[in-house]
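# Tertiary structure, described
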Amino acid sequence: TSVNEQIGFFDGENCNVGIDYGVLLSTGSVCNAQGPNTSGSSSLGGGFFGQSDPDLIAISGANINDAAVLEFDFIAISDTILFDFVFASDEYLEFVNTAFNDVFGFFLSGPGINGPYSDNAINIALIPGSLVPVSIDNVNNGMNAAYFVDNGDGFSAPYSTDPQYIQYDGFTVPITVIATVVPGAMHHIKLTVGDAGDTAYDSAVFLSGGTFMSPVDVNTGIP
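Right, let's walk through the structure included here. (Residues numbered from 1 in each chain as written. Predicted model: local features only at pLDDT ≥ 70, side-chain atom pairs only at ≥ 80, totals over all residues. Heavy atoms only, no water.)

### Overview of the overall build of the protein chain
What counts here: Segments assigned H or I by DSSP are reported as helices when at least four residues long, segments assigned E as strands when at least two residues long, and all are numbered from the N terminus. Only protein chains enter the calculation, and the probe is 1.4 Å; a residue is then buried if its accessible area is under 20% of its type maximum, exposed if over 50%, and partly exposed in between. Working rule for contacts: check all heavy atoms of both residues, and any pair within 4.5 Å makes them a contact. Using the Shrake-Rupley algorithm and a 1.4 Å probe, accessible areas are obtained, with residue cover drawn only from the displayed protein chains.
Helix and strand counts for the protein chain stand at one helix and eleven strands. With the C-alpha coordinates of the protein chain rotated into their principal frame, the extents come out at 55 × 40 × 40 Å. Within the protein chain, the fraction of its 223 residues that count as buried is 48%. Residue pairs at least 24 apart in sequence account for 74% of intrachain contacts in the protein chain once pairs closer than 6 positions are excluded. When the accessible surface of the protein chain is totalled, it reaches about 10,000 Å², and 55% of it is carbon and sulfur.

Printed below as a string of structure tokens:
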């Protein structure tokens, strides 16, 4: 049903998420993303509750519920892929460093990749310049704060009155994922987000439209 859709398209031009448009994955209904931020515990739609993901379990160490998964094969035309994303959650900030640490991952597999996840995948949803996964505990107002945006508590103005502020209590700045691949070879990527330890307090990943690419360097002969 429409109220329980966990993957959808978003138009973010008139809100503060920092991405103009793209695809949204959520642990609840994607409709919950629309502002203003009128709840500190928003959990719209039932999700799938028992829908889990073994790779998210490996990252979080907790039971995973309400997982939303988008995966596909692709062939890169250069040795690099990149795309932009924002991770958002209503678990900010009250559940930082607790048992409820909603998590997501971008799991890349293919030739020459030998990681610890399914199909020997690696997780490329990392804090820039590190091997640390982006999550509630790892990006907040006290940890890696340069990547965190405080979006209110669900009842304080202007966040709760102005519709430009999305529903989630906190989110990351737009982060660019960059990964090395083999040109001309088939690869697989799995993008997934899930509730950790419970089925409440929605979290979501905004994937920026038009940014999933394999850029090619062109030599124009001009310095």
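### Here we look at the sheet that holds strand β10 (residues 186-196)
Note the following rule: Between any two strands, at least two bridges found by DSSP are needed for them to pair.
The strand order across the open sheet built from four strands is β3-β10-β5-β6, with neighbouring strands paired in antiparallel fashion. Looking at which strands have only one partner, the edges of the open sheet turn out to be β3 (64-75) and β6 (122-123).

### Section: the pattern of salt bridges
Selection rule: Salt bridge, as used here: a side-chain nitrogen of Lys or Arg that lies within 4 Å of a carboxyl oxygen of Asp or Glu.
All chains considered together, the criterion is met by two salt bridges. Between Lys-190 and Asp-53 there is a salt bridge; the shortest N-O distance is 2.9 Å. Here the residue Lys-190 occupies a position in strand β10, and Asp-53 occupies one in the loop between β2 (21-26) and α1 (54-60), the gap between them amounting to 137 residues. The closest approach of N and O atoms between Lys-190 and Asp-55, which form a salt bridge, is 2.7 Å. Residue Lys-190 is found in strand β10, and its partner Asp-55 is found in helix α1; the two are separated by 135 residues along the sequence. Each member of the pair, Lys-190 as well as Asp-55, is classed as buried. One network of salt bridges, in which partners are shared, links Asp-53, Asp-55 and Lys-190.

### Side note on unusual backbone geometry
In this chain, Gly-35 is followed by Pro-36 through a cis amide linkage whose omega measures 5°. Among the structural elements, Pro-36 can be located in the loop between β2 and α1. With a phi angle near 55°, Asp-66 is a residue other than glycine that sits in the positive phi range. A positive phi angle, close to 60°, is found at Asn-120, a residue other than glycine. Here Asn-120 is to be found in the loop between β5 (103-109) and β6. Residue classification places Asn-120 among the partly exposed residues on the basis of a relative accessible area of 42%.

### Quick word on the state of the cysteines
Selection rule: Two cysteine sulfur atoms make up a disulfide if the distance between them is within 2.5 Å.
Tallying each qualifying case throughout the model produces zero disulfides. Here Cys-15 stays unpaired: no disulfide links it, and the sulfur of Cys-31, its closest cysteine neighbor, is 14 Å away. Accessibility expressed as a relative area gives 22% for Cys-15, which makes it partly exposed.

### Points about the pairing of β2
Relative to β2, strand β1 (residues 7-11) is paired through five bridges, and the arrangement is antiparallel. Looking at the pairing, Phe-10 lines up with Gly-22 of β2.

Geometry only, nothing functional implied.
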